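Summary of the model geometry
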Amino acid sequence: MKISARNVLPGTVVAMVRGPVSTEVTLEIAPGLQIVASITTTSADQLGLKEGTRAYGVIKASSVMVATD
């Protein structure tokens, strides 16, 4: 896979909450570290996603904010 996004996080699907239009996908990218994405259910089906599937979290943002207390 070649992609221009700099933040590509390999992981494993550990949970999915399917809806009629969107599906919430949880990827474990390191032991105890998870990220969650909301994608269309059609996309989840086309990607063949299910628990245990290896997948990538791709983060592409036009801006990143940093804050401190």
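Everything discussed here concerns the structure shown above.
Residues numbered from 1 in each chain as written. Predicted model: local features only at pLDDT ≥ 70, side-chain atom pairs only at ≥ 80, totals over all residues. Heavy atoms only, no water.

On to the side chain of Thr26, then. Residue placement: Thr26 occurs in strand β2 (residues 22-30). Take Thr26: its relative accessible area is 10%, and that puts it in the buried class. With residues up to four places along the chain from it excluded, the contact list for Thr26 reads Thr12, Val13, Val14, Ala15, Gln34, Ile35 and Val36. (Helix = DSSP H or I, 4+ residues; strand = E, 2+ residues; numbered from the N terminus. Buried < 20%, exposed > 50% of the residue type's maximum accessible area, 1.4 Å probe, protein only. Contact = heavy atoms within 4.5 Å.)

In this structure, the largest pocket spans a volume of roughly 310 Å³. If you list the elements that add at least two residues to the lining of the largest pocket, you get β2, β3 (33-40) and β4 (54-59). The biggest single contributor to the lining of the largest pocket is β4, with six residues. Split by residue class, the lining of the largest pocket holds 13 nonpolar, two polar and one charged. (1 Å grid on protein atoms, 1.4 Å probe; cavity = no way out; pocket = protein on both sides within 12 Å on 5 of 7 lines; lining within 4 Å. Points joined across faces, edges and corners; volume = space filled by probe spheres on them. Nonpolar A, V, L, I, M, F, W, Y, C, P; charged D, E, K, R; others polar.)

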